[in-house]
Amino acid sequence: MFVLTVDQRSSRRDIDRVADLLTDLQDVPLVRPFDRTAGDEVQAVADDPALVVDLVLDLLRREHWSIGVGVGPVETPLPEQTRAGRGPAFEHARIAVERAKNAPGQVAAEGDDTEATADVDAALTLLATVVLRRTEQGHEAVDLARQGLSQARIAERLGISKQAVSQRLATAGWQAELAGRELVRRLLERADR
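Residues numbered from 1 in each chain as written. Predicted model: local features only at pLDDT ≥ 70, side-chain atom pairs only at ≥ 80, totals over all residues. Heavy atoms only, no water.

1. Digging into the sheet that holds strand E1 (residues 2–8)
Spatial ordering of the open sheet is given by E2-E3-E1-E4-E5, a layout of five strands whose pairing is mixed. Looking at which strands have only one partner, the edges of the open sheet turn out to be strand E2 (32–38) and strand E5 (107–111). The average angle at which neighbouring strand axes cross in this sheet is 20°, direction not considered. Sheet strands touched by helix H3 (residues 88–100): E1, strand E3 (41–46), strand E4 (65–71) and E5. Its angle to E4, the strand with the most contacts, is close to 150°. (Pairing = 2+ DSSP bridges. Helix = DSSP H or I, 4+ residues; strand = E, 2+ residues; numbered from the N terminus. Axes fitted to C-alpha atoms, helices over the stretch in contact; angles between N-to-C directions. Contact = heavy atoms within 4.5 Å.)

Have a look at this one:
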């Protein structure tokens, strides 16, 4: 199981972004939805490693969050409210979010299998580096590519040449993101065995 503990960065000097985040993520198919745990922190439970990768990258792109991914068992049955959950995955997520606050990519992973989660942690940091360095134009092109649009359709949508789309995707690290997403998904799967 995977627990995401997500803490708003610089919350004392910023507006409270939790309510908007909870609204934005309310329809995500999680085992337990994001729930405010304390102050400027939210937590959710997932069982799909690909969804965890999607959420981490979405949160990174929002640029206001430190993200901890805890891997391991949870006590079942899970309570209705996420914040009432217990078990090693919750404890690992707490440790991970504290580490994420000082991590280069603002994301960290912890779990029972320390070697496997160290691999997840490293791969997430690399993937975060790709996403965090992307320009808004790069994000725009990647978003359309993720929807399955061809480069010709992306060019048409953005009003630029196909060559410009190709260049934007290359500069944005689109192929590296695809490979990184799959790598992190497999590593999360392995860490959760």
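2. Quick notes on unusual backbone geometry
Between Thr76 and the following residue, Pro77, the backbone shows a cis peptide bond with an omega angle of 0°. Mapping Pro77 onto the fold places it in the loop between E4 and H3. At Glu63, a position not held by glycine, the phi torsion is positive, near 65°. Note that Glu63 resides in the loop between helix H2 (49–62) and E4.

3. A look at a negative patch on the surface
Negative charge collects at one region of the surface, where Asp112, Asp113, Glu115 and Asp119 lie side by side. Position of Asp119 among the secondary structure elements: in helix H4 (residues 114–132). (Patch = residues over 30% accessible without salt bridge, like charges linked within 9 Å, V, L, I, M, F, W, Y side chains within 5 Å. Areas by Shrake-Rupley, 256 points an atom, 1.4 Å probe, with all protein chains shown as cover. Salt bridge = Lys/Arg side-chain N within 4 Å of Asp/Glu carboxyl O. Lys, Arg positive; Asp, Glu negative; His and termini not counted. Charge placed at Lys NZ, Arg CZ, Asp CG, Glu CD.)

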